[in-house]
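Below, each chain spelled out in residue letters.
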Amino acid sequence: MSSATLVIQTAFLGDVVLTTPLFSALAADHGPVDVVTTPSAAPLIETHPAVRKVIPYDKRSSDRGWAGLRNLARRLRTERYERAYLPHRSLRTAALGVLAGIPTRIGFSGAWSFLYTEARPKPALGHESDRLLALANKPPGVYPPQLWSTPTDEQATAGLIDEAFVALAPGSIWGSKRWPYYPELAARLAERVAVAVVGGPDDVELGDQIVQAVRPSGRQAVNGCGRLTLRQSASLIGRAALLVTNDSAPLHLATAMGTPIVALFGPTVTEFGFGPLRPGDLALGIDELPCRPCSSHGPPQCPLGHHRCMGELTVEAVIAAIEELGALRRRG
Ligand code: SF4
């Protein structure tokens, strides 16, 4: 019997980043873990020292459906894992642990607990990274989220911008979570520093608008959206003086890379457990708005049509938060 440990985490990208403390905790107890995750998240965690091997699972495409699940389970069986940790409460995750013949399966209490050999309560409060860490019976904060870029990633980003810069992450797959004033903010920031935009292929246009807004200042502005790999984006964020971001995956990339954060929350709130984690990082939101929060993820569009939660969050308020953070002052 192998003593190897498997973690199955196929949730959103941000969730995978926030599972890295669990990897560290399990590696400390059992040795480096193998991880089943999405193809997009796989390169991000394959450099983590607590991870031995990453097994991509494309549940939405090439591995979709029952046949894909069975094929993966067959491959996992050959590894003869001793234990599996299942932080994502989904039937697919629970079923994969069973089909792979893993004798010890530990997950959070919920609808699929009967498929685990041990169900542990998920803390209702606290940051999601600490709640996931509870699956390894570790207290909050003992392992932080961390990511590692490679020298090749660093080389790819080093040539993009050669002065102090602020990173901006204007995208989100949930439309109502997008703050609309990034170009105006970028123009103001460009009075003092350069600007780099991070995001995926869907954010290219947003990135171009920001670069255009900076152009009159003569400062450097880089649109990395859709052009950098995820790990290169993490590397670029890691080199930034700070990141201004919506409630989206780049927030967690910055947490894991140790970059100061100003996070802008609209339809969601930090109490959900996905806000900045480190002391000093800031989250802004219109606290007095009675409709807020309006959903756990953020709806595609404001259901009330006015989108005041983001519209009333001003550029001035974000600039004030950046000043409070002090990250630009530290760069001189
Ligand atoms: S309903 Fe309120 S919280 Fe939800 S998107 Fe609209 S303004 Fe924001």
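Here, every reference points to the structure presented above.
Q: I'd like to hear about the site of the ligand, residue by residue, with values.
A: Lining the immediate environment of the ligand, one finds 14 residues, of which Pro-267, Cys-291, Cys-294, Cys-302 and Cys-309 sit closest. The class makeup of the residues in the shell around the ligand is eight nonpolar, four polar and two charged.

Q: Any details on the sheet that holds strand E10 (residues 242-246)? Residues and values, ideally.
A: Reading across from one edge, E9-E8-E7-E10-E11-E12 is the order of the six strands in this open sheet, with parallel pairing throughout. Whereas interior strands pair on both sides, the edge strands pair on one side only; in this sheet they are strand E9 (221-223) and strand E12 (282-284). Put simply, the sheet's adjacent strands are angled 15° from each other on average, direction ignored. The pairing of strand E8 (residues 194-197) with E9 spans three bridges and is classified as parallel. In the strand pairing of E9, Val-195 is matched with Ala-221. Packed onto the sheet, helix H8 (residues 182-189) meets strand E7 (165-169), E8 and E10 and runs at close to 180° relative to E7.

Q: Got a sec to walk through helix H2 (residues 20-30)? Specific residues and values, please.
A: Residues Thr-20, Pro-21, Leu-22, Phe-23, Ser-24, Ala-25 and Leu-26 constitute the buried set of H2. Phi turns positive one or two residues past the end of H2, at Gly-31, with a value near 95°.

Q: Go over the pairing of E10, please, and point to the residues and values.
A: Most of E10 is tucked away: five of the five residues are buried. In E10, alternate side chains face the same way, and those of Leu-242, Val-244 and Asn-246 on one face and Leu-243 and Thr-245 on the other are all buried. Relative to E10, E7 runs parallel, the two sharing four bridges. What sits directly across from Leu-168, in E10, is Val-244. Strand direction decides the pairing type here: E10 and strand E11 (residues 261-264), joined by four bridges, are parallel. Residue pairing across strands places Thr-245 opposite Ala-263, the latter belonging to E11. For the crossover that starts at E10, traverses helix H11 (residues 249-257) and ends in the parallel E11, the hand is right-handed.

Q: Quick rundown of the packing of H8 against helix H9 (residues 204-214)? Include the residues and the values.
A: Put simply, H8 and H9 touch, their axes get as near as 8 Å, and they point 35° apart. The interaxial crossing formed by H8 with H9 has right-handed handedness. Along its contact with H8, which presents Tyr-182, Pro-183, Glu-184, Ala-186 and Ala-187, the element H9 presents Leu-206, Gln-209, Ile-210, Ala-213 and Val-214. Of the residues assigned to the contact of H8 with H9, the class counts are eight nonpolar, one polar and one charged.

Q: A description of unusual backbone geometry should follow, citing residues and the corresponding values.
A: Excluding glycine, residues mostly have negative phi values, and the peptide bonds linking residues are mostly trans. The omega angle of the peptide bond from Arg-292 to Pro-293 is -5°, so this bond is cis rather than trans. Tracing the backbone through its elements, the reader meets Pro-293 in the loop between E12 and helix H12 (308-311). The phi dihedral of Asn-137 falls on the positive side, at around 60°, and the residue is not glycine. Checked against the element boundaries, Asn-137 lands in the loop between helix H6 (128-133) and helix H7 (151-158). According to the C-beta neighbour criterion, Asn-137 is exposed, with 10 such atoms within 10 Å.

Q: Tell me about the nonpolar core, residues and numbers included.
A: Among the nonpolar cores identified, the biggest contains 93 residues, and Val-166, Ala-167, Ala-186 and Val-195 are the most heavily contacted of them. Ranked by residues supplied to this core, first place goes to H11 with six residues. Each of domain 1 (5-136) and domain 2 (155-330) accounts for three or more of the residues forming this core. Sequence-distant contacts of Ala-186, defined by excluding residues within four places in its chain, comprise Leu-168, Val-195, Ile-210, Ala-213 and Val-214.

Q: Residue-level account of the sheet that holds strand E5 (residues 104-108), with values.
A: Taken together, the six strands give an open sheet; going across it, the order is E3-E2-E1-E4-E5-E6, and neighbouring strands pair in parallel fashion. Of all strands in the sheet, those with a lone pairing partner are strand E3 (51-56) and strand E6 (118-120), marking the two edges. Taken pair by pair, the neighbouring strands of this sheet meet at an average axis angle of 20°, ignoring direction. In terms of strand pairing, strand E2 (residues 33-37) meets E3 through five bridges, oriented parallel. Pairing of Val-36 across the sheet is with Ile-55, part of E3. H2 rests against strand E1 (5-8), E2, E3 and strand E4 (83-86) of the sheet, and its axis sits at about 170° to E1.

Q: Just give me the short version of the packing of H8 against helix H13 (residues 315-325), but keep the residues and values in it.
A: It is at 10 Å that the axes of H8 and H13 come closest, and there the two elements cross at 45°. Overall, the two elements H8 and H13 adopt an arrangement that is oblique. In this structure, H8 crosses over H13, and the sense of that crossing is right-handed. Across the interface between the two elements, Glu-184, Leu-185 and Arg-188 of H8 pack against Val-315, Val-318 and Ile-319 of H13. Counted by class, the contact of H8 with H13 contains four nonpolar, no polar and two charged residues.

The rules behind the values
- Residues numbered from 1 in each chain as written.
- Predicted model: local features only at pLDDT ≥ 70, side-chain atom pairs only at ≥ 80, totals over all residues.
- Near = placed C-beta within 6 Å.
- Nonpolar A, V, L, I, M, F, W, Y, C, P; charged D, E, K, R; others polar.
- Pairing = 2+ DSSP bridges.
- Helix = DSSP H or I, 4+ residues; strand = E, 2+ residues; numbered from the N terminus.
- Axes fitted to C-alpha atoms, helices over the stretch in contact; angles between N-to-C directions.
- Contact = placed C-beta atoms within 7 Å.
- Buried ≥ 20, exposed ≤ 12 C-beta atoms within 10 Å, placed from the backbone.
- Right-handed = clockwise from strand over helix to strand, strands pointing away.
- Left-handed = near helix turned anticlockwise from the far one by under 90°.
- Core = buried A, V, L, I, M, F, W, Y, C linked by C-beta atoms within 7 Å.
- Domains from an automatic or database assignment.
- Parallel < 35°, antiparallel > 145°, perpendicular 65-115°, else oblique.

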